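Chains, contacts and geometry: an overview
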Amino acid sequence: MNISHEWLKAFVPHALSAEQLRDLLTAHVATVEGFERTRTELSAFVVGQVVESEKIPETRLSFNKVDDGSGSLLEVVCGAPNVTVGAKYPFARSGTTMPGGLLIEKRKIRGFTSNGMLCSPRELGLGDDHDGILELTTDAATGTPLLDVLPLSDTRLVVDVLPNRPDLLSHQGFAREVSALTNTPVAVPAELGAIPLPPTAVIGAREAKAGAIAVRLADTADCPRYCAVVVRGVKVGPSPDWLRARVESVGGRSINNVVDATNYVLHGLGQPVHAFDLAKLGGSTINVRRARPGESLVTLDGVDRTLDGSVLVIADADRPVALAGIMGGKASEVTESTTDVLLEVAAFSAKVVRGGRRLVGLNTDASYRYERGIDDVAVPRIAAVAAGLLASVSGGTVEHMVVVGDMPAPRPPVSLRVARVGRLLGDVVNGAETRALLESIGFGVTGGSETFTVTAPSWRHDIARDVDLIEEVARLRGYDRLPDTLTGARPGNVPDHPMHTVSSRVRAALTALGLLEIRPLPYVAASGSDANVLVRVRNPLGEDEPFLRRRLADTLARRAEYNLTRMQGDVRIFEIGTAFIPEGSGLREEMRVGALVMGARRPAHFTEPVPPAYDAWDAKALGEAITIAAWPGARVSLAAGTAGDLWTVTVDGTVVGRVYQAALDAPIWASPAFGIEITLGDMPATPVAARGAHNYADRAGAAGGAHVRYRSLPSTPAAEFDLAFVVPDSIGAAQVESALRTAGGDLLESVVVFDEYRGDKVPPGTRSLAWRLTFRHPERTLREKEIEGRRAQLLKSLKEELGIVVRAG
Amino acid sequence: MTPLTLQEFTALVSSFQDEAGAAIDGADSAESLEATRTKYLGRAHGWLKDISAKLAQLDKGDRAAAGRLFNDARLAVEAAMESRQGALAPARAGITLADPTMPARRAWKGAVHPVTAVIDEMIEIFRELGFTVALGPEAESSWYNFGSLNFPADHPAMDLHDTLYISDDLLLRTHTSPVQTRTLQGYAPPIRVLIPGNVHRRDPFDASHAPTFAQVEGLVVDEGITFADLKATLTHFANRFFGSTKTRFRPSYFPFTEPSAEMDVLCGVCKGSGCSVCKQSGWIEILGSGLVHPAVLDSAGVDSEKYTGWAFGMGPGRTALARHGIPDIRILYDSDVRFLQQFAR
């Protein structure tokens, strides 16, 4: 909403500067987002006085000496007929740019130097008058900025009016607030004061007729009130300067006197007004009804719109002539040749305007206000003002006024306990102040000292219960004048959500391992049959990616490809986010962690100019690291993967994810990419603990897992030896290791595979794997013999169980 | 036992001292020094032991003087040994760096996303004030997203939340506020939670909008909560988060709070005098807040006469853009490793 500082002053004669007004409105009413001075293009112009003037022979020109306050007189050639010695005029020094873009420079005209320009109204963009230069009647000294002399300067405030305050969508609305906040009575703008009241209205409940026109409402639920006023004998033409200035002051464009008058009422009083060319209304009849199937209307913007029963229209005897509350029709538009106007000032249902606006896809100043709510009580009064204004600026005569509909029902009063005000705002606002503040903005307050009965004014649609009134009290007093003491609080009952705890641990683990977190969009395209297993957004932003991802792997792959297209081949990224899995008619959400690594495993160094690339074993390590971070203390296992995965990750026997080689659309120079995707858990819609219960019992300990049990440090020496076995490819290393552990007994402390050999020194289909075994007795040194015995036992067991033998030599 | 004169003993000691001293000086490695130590000072077979055994062969009257002589010699040899050991030690460390200015061998550095960093910092600050973290689903029913939060049906307030739908009743949440209702349904007051999460709007993906973005919501519900708690807590947060600053509260509108307030902090660039960053206002908009609307408490089954509360919502993405000077919001989503690496510590 654009508010003109000057126009607002016409409604409430406050003494605030534009800056003060901005701060006051922002603090108490609505946020002023923009703040711009108008006519800044005239800021370089000054008051100049003609000191000498002589005609240049055989021309219309005069040669003048002008005092511009600089101390020396300037020579100026002027073509205007009305140059008068001693008079003051707007003066452009050389170097000034005119509103039209012309740069004024010192130059020679007919042999005379011209160093500046005396300006006409048209040259200043102040109207069409170009008959002569603009004579200023001012006592101001020469050199004074022109804007200080002419009442042209204004400031436009751009205010963010939120949907609950449609009463602020006009200058009158802000005037009410400023009046209350500055204790200044509201006024009737001078330009409206001279308008004679129109003749008495003809009133009807559903229909009424006056003179030549008849109005009929099909349903007062759609249109509670409709006023039609006939103004005859108008002469469509340019608006008077003051009206043009008002329209332009809020950023509008002056069209003609009829349109400008309706816009004055819209921005001044907040009421949409539509002007029909009466001659083009068939049967001089207004029917307010729903559109019939098959009907259409060409609106003012020239678009032919097909209508249906959800749209409320204004129709003449035959067909629709306007979309009620949205836009008028082209056929009944006021044109240069219009002489008789029918002005419509009506209240339409917010819902029906909203429905119609959505159907035709048109958002107009009128529909914007109707959707939010207008002052329906004020409709006849504003109709009279609008008609009077139109007549006065167009030379017409107000003839008839018809008012159809119901008198709006009085607002149900809201009861307000004074104690409740204190309970919400802190005990600083008493009953007397509460009452005074509410009354200052037009609320009716009755009742005793403990409970008030409050009636909202007809322009307020946002007052339904006590808290709505308390908000009024709070903002009018000023949020900055409410207490702000920080007091102690009881601890809350809500435990940390386990998904938050888990994801924090995983994030910390992955960043410690050198990975970079990403937060991409969750939308994906579908390839082939994928569409059946993906959740689709019904109204996606784009048809290229209308699905929600089911796997983080898809997002990671696209992000890796994005990096590859930018020549970044060292990618190590991860995301903790939501996967969307269709289930029945709905979906299930899983919180997952996904990672993708490719390229150099560490930065290049002079000792290692080409670092090794990430490989499958790095990916396996990341899979383990994520899983251990997510489920500390649990039994993590990565078994050979299925369906193309390298590994399947299980925790305590439950599959939680996979490690895979990622298929990317990659250039040939790119290294292979490896991915990990682990499901951390469902994102349940239900609470994580019973209502009212703490859930801290089972998560004692910071990490959320079982506490680690301390094992005393060994005080005896360990005995180590290595064993290399020839292992057929059919037997996994983990299988051998498990057999070693079983056979090794209690004293076997650790088993580590440290070497793998494939080649011609072992039979085909086998490889040599070497383990280092560490034994330790808790209380004494192991004897040579005991170690030898264990070694023999291990060899025997492995031969018996797995049929593998120690590698010879 | 052959008697030994003090003179003979003195000669013995002095020859020990000379020989040992020469051997120590001659040792050129830790190993040879250790061999020398064993030879002269070794407890089992060293010369020292041999000489000390000879003390018994001396005349009783000479033993005290001989003992002193012996001890002095021992200490002198031990000191020489120690100093030689020190002299040989650096040679044992063994490496010399031709150019110590060559770079360290580094591992890749990881980084949390700048938006996550803002969220984590917020959580840290609010934890000090007793807040815990609540989460909720991203796909919501329209009742949780709108109905339970006092959005008037078919009202322009809904236009502020252009919504992505999955089915008639299932939508992608447009704010984290549905978790307010879920938390109020699930737990009895006192409630003090922070709710981070992704939200979705049907906004075009351009320099200043993204269809998916993070939000952090806060909710406090208990007996006796007032607007003063809201102002005080959020001002404390602003001071902790932005460094000591000034806050300003101004009227706003959210269907689920009343009174509603936007909180601004003093513009960090111009300190309030007005500049292009704050659009000449001197203030930067940080978050929306308000007292929890009684209708929200009622629809979650919480007694709105007994309990009051306050809530706020903030966009950590905007804060991340501002604090790092990132000109285009899409950079946060592109996942370019060169961008992400800038946040590695």
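Residues numbered from 1 in each chain as written. Chains lettered and ligands numbered in written order. Predicted model: local features only at pLDDT ≥ 70, side-chain atom pairs only at ≥ 80, totals over all residues. Heavy atoms only, no water.

A tally of regular secondary structure across chain B gives twelve helices and nine strands. Against the compact-globule benchmark of 20 Å for 345 residues, chain B has a radius of gyration of 40 Å, which places it well outside the compact range. With respect to the principal axes defined by its C-alpha atoms, chain B has extents near 120 × 50 × 45 Å. Taken over 345 residues, chain B has a buried fraction of 52%. Within chain B, counting contacts between residues at least 6 apart in sequence, those at least 24 apart form 67% of the total. When the accessible area of chain B is evaluated, it comes to approximately 15,100 Å², of which 52% is carbon and sulfur surface. (Helix = DSSP H or I, 4+ residues; strand = E, 2+ residues; numbered from the N terminus. Rg over C-alpha atoms; globule rule 2.2 N^0.38 Å. Buried < 20%, exposed > 50% of the residue type's maximum accessible area, 1.4 Å probe, protein only. Contact = heavy atoms within 4.5 Å. Areas by Shrake-Rupley, 256 points an atom, 1.4 Å probe, with all protein chains shown as cover.)

Turning our eyes to something else, we now look at the sheet that holds strand β1 (residues 132–133) of chain B. Residues and elements named next belong to chain B. Taken in spatial order, the seven strands of this open sheet run β1-β4-β5-β9-β8-β7-β6, and their pairing is mixed. In this open sheet, the two strands that pair with only one neighbour each are β1 and β6 (247–254). Sheet analysis places β6 next to strand β7 (residues 257–266), joined by seven bridges and oriented antiparallel. Paired with proline 251 across the bridge in β7 is alanine 261. Helix-sheet contacts for helix α8 (residues 227–242) involve β6, β7, β8 (283–292) and β9 (308–314), and the interaxial angle to β8 is about 150 degrees. (Pairing = 2+ DSSP bridges. Axes fitted to C-alpha atoms, helices over the stretch in contact; angles between N-to-C directions.)

All names here are of chain A. One can describe the packing of helix α2 (residues 18–28) onto helix α4 (residues 171–182) by two numbers: an axis separation of 11 Å at closest approach and a directional angle of 95 degrees. What the angle tells us is that α2 and α4 run roughly perpendicular. Residues Leu21, Leu24, Leu25 and His28 of α2 touch α4, and the partners they reach there are Phe174, Val178, Leu181 and Thr182. In the contact of α2 with α4, the residues fall into six nonpolar, two polar and no charged. (Parallel < 35°, antiparallel > 145°, perpendicular 65-115°, else oblique. Nonpolar A, V, L, I, M, F, W, Y, C, P; charged D, E, K, R; others polar.)

Quick look at the packing of aromatic side chains now. Remark: the centre distance and the inter-plane angle together describe each pair of aromatic rings, the angle taken between the planes. Applying the stated criterion to the full structure yields 22 aromatic pairs over all chains. An angle of 70 degrees between the planes, with centres 5.0 Å apart, marks the rings of phenylalanine 339 of chain B and phenylalanine 343 of chain B as edge-to-face. Each of the two residues, phenylalanine 339 of chain B as well as phenylalanine 343 of chain B, counts as buried. An aromatic cluster is present here, built from Phe126, Phe131, Phe237, Phe241, Phe242, Trp310 and Phe312 of chain B joined pairwise through their rings. The residue whose ring lies beneath arginine 536 of chain A is phenylalanine 547 of chain A, and the NZ or CZ to ring-centre distance is 5.6 Å. The ring centre of tyrosine 660 of chain A lies 4.1 Å from the NZ or CZ of arginine 658 of chain A, which sits over that ring. (Phe/Tyr/Trp six-rings, centres within 6.5 Å; stacked < 30°, edge-to-face > 60°. Lys NZ or Arg CZ within 6 Å of the ring centre and 35° of its normal.)

Opposite charge on two side chains permits pairing when their charged atoms draw close. All names here are of chain A. What the rule picks out here adds up to 66 salt bridges over all chains. The salt bridge partner of arginine 289 is glutamate 295, with a shortest N-O separation of 3.0 Å. What makes arginine 289 buried here is its relative accessible area of 9%. Of the residues examined, glutamate 295 reaches a relative accessible area of 12% and is grouped as buried. Taken together, the shared-partner salt bridges connect Arg165, Asp167, Glu177, Arg460, Asp462, Glu472 and Arg475 into one network. (Salt bridge = Lys/Arg side-chain N within 4 Å of Asp/Glu carboxyl O.)

Our next topic: the domain arrangement of chain A. The domain boundaries assigned to chain A delineate domain 1 (2–25 + 160–186), domain 2 (40–149), domain 3 (191–405), domain 4 (414–481), domain 5 (498–682) and domain 6 (719–806). Each of domain 2 of chain A and domain 4 of chain A has a C-alpha centre, and the two are 58 Å apart. (Domains from an automatic or database assignment.)

Bringing the pairing of strand β13 (residues 213–217) of chain A into the picture now. Residues and elements named next belong to chain A. Most of β13 is tucked away, with four of its five residues classed as buried. Of the strand pairs in this sheet, strand β12 (residues 207–210) and β13 are connected by four bridges, and their pairing is antiparallel. What sits directly across from alanine 208, in β13, is valine 215. Linking β12 back to β13 in an antiparallel pair, the connection comprises two residues, with glycine 211 at a positive phi of about 60 degrees.

It is worth spelling out the sheet that holds strand β21 (residues 327–328) of chain A at this point. Residues and elements named next belong to chain A. With respect to topology, six strands assemble into an open sheet ordered β12-β13-β16-β19-β20-β21, the strand pairing being mixed. With one partner strand each, in any of the chains shown, β12 and β21 form the two edges of the open sheet. Where strand β16 (residues 285–290) lies against strand β19 (residues 312–315), four bridges are found, and the strand directions are antiparallel. Across the sheet, residue arginine 290 finds its bridge partner in β19, namely leucine 312.

A few words now on the pairing of strand β14 (residues 225–232) of chain A. Residue and element names in this part refer to chain A. Counting buried residues in β14 gives seven out of eight residues, a clear majority hidden from the surface. Where β14 lies against strand β22 (residues 341–347), seven bridges are found, and the strand directions are antiparallel. Following the sheet pairing, valine 229 is matched in β22 by leucine 343.

To continue, consider the side chain of serine 239 of chain A. Residues and elements named next belong to chain A. In this structure, serine 239 sits in the loop between β14 and α6 (241–249). Only 3.5 Å separates the side chain of serine 239 from the backbone oxygen of asparagine 256, close enough to count as a polar contact. Sequence-distant contacts of serine 239, that is, excluding residues within four places in its chain, are made with Arg244, Ser254, Asn256, Asn257 and Asp260. (Polar contact = N/O pair within 3.5 Å; in protein donor to acceptor, adjacent residues only side chain to side chain.)

Residue and element names in this part refer to chain A. Taken across its eight residues, helix α9 (residues 365–372) has six buried, putting it largely inside the fold. Those residues of α9 that sit buried are Ala366, Ser367, Arg369, Tyr370, Glu371 and Arg372. Summarising the contacts, the buried residues of α9 are in contact with α7 (257–269), β22 and α8 (350–360). A positive phi of about 115 degrees marks glycine 373, the residue just after α9.

Turning next to a negative patch on the surface. Together, Asp128, Asp129, Asp131 and Asp241 of chain A line one region of the surface with negative charge. Structurally, aspartate 241 of chain A can be placed in helix α6. (Patch = residues over 30% accessible without salt bridge, like charges linked within 9 Å, V, L, I, M, F, W, Y side chains within 5 Å. Lys, Arg positive; Asp, Glu negative; His and termini not counted. Charge placed at Lys NZ, Arg CZ, Asp CG, Glu CD.)

Turning our attention to the interface of chain A and chain B. With 101 residues of chain A in contact, the opposing surface of chain B contributes 106 residues. Approximately 8,800 Å² of surface area, both sides summed, lies buried where chain A meets chain B, with 55% of it carried by carbon and sulfur atoms. Where chain A packs against chain B, one counts five salt bridges. Here arginine 538 of chain A ties to aspartate 168 of chain B by a salt bridge, and the two come within 2.8 Å at their closest N and O atoms. If one sorts the elements of the side of chain A that touches chain B by residue count, strand β31 (residues 571–583) of chain A sits on top with six residues. Looking at side-chain class alone, the side of chain A that touches chain B contains 49 nonpolar, 21 polar and 31 charged residues. (Buried area = accessible area lost by both parts, 1.4 Å probe.)

Another point: the side chain of glutamate 262 of chain B. Residues and elements named next belong to chain B. By secondary structure assignment, the location of glutamate 262 is in strand β7. Buried glutamate 262, no salt bridge; nearest opposite-charge side chain is arginine 250, N-O distance 4.4 Å. At 3.3 Å, the side chain of glutamate 262 forms a polar contact with the side chain of serine 252. Aside from chain neighbours lying at most four places away, what touches glutamate 262 is Arg248, Phe249, Arg250, Ser252, Phe254, Glu285, Leu287 and Gly288.

Residues and elements named next belong to chain B. In this structure the tally under the stated criterion is zero disulfides over all chains. Cysteine cysteine 267 shares no disulfide, and the gap to the nearest cysteine sulfur, in cysteine 270, comes to 3.7 Å. We classify cysteine 267 as buried; its relative accessible area is 1%. Take cysteine 270: it sits in no disulfide, and the sulfur closest to it among the cysteines is that of cysteine 278, at 3.6 Å. (Disulfide = S-S within 2.5 Å.)

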